[in-house]
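# Architecture and fold: a report
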Amino acid sequence: MLIGALLLLTWFILLIRYPGKALPISMAALLGLGLVASWVLWQESRESRHLAHLQLRLAYDPQRCPANRPLALELTNGSDAALQELRWQVAAYRPGESVNLARQLYESPRYSGPGELLPGASWQDCLPLPTLRSGYRASTLEFRAERLQGSFAD
């Protein structure tokens, strides 16, 4: 923080003292910074647009899944790009409520996707339950994927 303030103060002094030399360099630097910022924003909007087309459904299903991984997952890639990587967190809610009952601990399970998933393809798996607050049973809760982070092929 101190270095940034010092650089900003130095730039401002140079701009006032030598405007003929500092102004063109400052404009070129601002143009370069603007180009980099616009490219980053474009990439983020592209990723969020692709993530919005993913359909990820979670359900507690101990009949279909093993006992140590009773959370059934179905992921469908509805975007027009191949999914390369996907990470998310699982939240648990009582029906009709908005309080997350899954505890986010350091040793909580980490959830990640199938790797390469082509457009229109589906993937099914069974996942371990997140650590729930005491007093709640998984069979009475709704599970949702939150904080999706992913990357897609160009």
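Residues numbered from 1 in each chain as written. Predicted model: local features only at pLDDT ≥ 70, side-chain atom pairs only at ≥ 80, totals over all residues. Heavy atoms only, no water.

Where an unreviewed UniProt entry is consulted, the protein chain appears under the name Multidrug transporter, with the organism given as Pseudomonas lalucatii.

## As for the side chain of R46
Position of R46 relative to the elements: it lies in helix α2 (residues 19–52). With near-sequence residues (within four places) excluded, R46 lies in contact with F152, A153 and D154. (Helix = DSSP H or I, 4+ residues; strand = E, 2+ residues; numbered from the N terminus. Contact = heavy atoms within 4.5 Å.)

## A few points about the pattern of salt bridges
Counting across every chain of the model gives 7 salt bridges. E47 is paired through a salt bridge with R46; the nearest N and O atoms lie 3.3 Å apart. You'll find E47 and R46 in the same group, each marked buried. A salt bridge links D125 to R69, with the shortest nitrogen-to-oxygen separation between them at 3.0 Å. Here the residue D125 occupies a position in strand β5 (residues 122–127), and R69 occupies one in the loop between β1 (54–60) and β2 (71–77), the gap between them amounting to 56 residues. Relative accessible area serves as the criterion here: at 32%, R69 is assigned to the partly exposed category. (Salt bridge = Lys/Arg side-chain N within 4 Å of Asp/Glu carboxyl O. Buried < 20%, exposed > 50% of the residue type's maximum accessible area, 1.4 Å probe, protein only.)

## Comments concerning the state of the cysteines
Any covalent bond linking the sulfur atoms of two cysteines counts as a disulfide. Throughout the structure, instances matching the rule amount to 1 disulfide. Residue C65 pairs covalently with C126 via a disulfide, S to S 2.1 Å. Taking the sign of the S-S torsion, -75 degrees for the link of C65 and C126, the bridge is left-handed. Taken together, the residues span a long stretch of sequence, with C65 in the loop between β1 and β2 and C126 in strand β5 at a distance of 61 residues. Taken as a pair, C65 and C126 share a single burial class, namely buried. (Disulfide = S-S within 2.5 Å.)

## Some remarks on the packing of aromatic side chains
Tallying each qualifying case throughout the model produces 1 aromatic pair. Relative to Y111, the ring of W88 has its centre 6.2 Å away and its plane inclined at 15 degrees; by these criteria the two rings are stacked. Within this pair, whereas W88 is found in strand β3 (residues 83–93), its partner Y111 is found in strand β4 (residues 111–112), the two being separated by 23 residues in sequence. In this pair, the class of W88 matches that of Y111, namely buried. (Phe/Tyr/Trp six-rings, centres within 6.5 Å; stacked < 30°, edge-to-face > 60°.)

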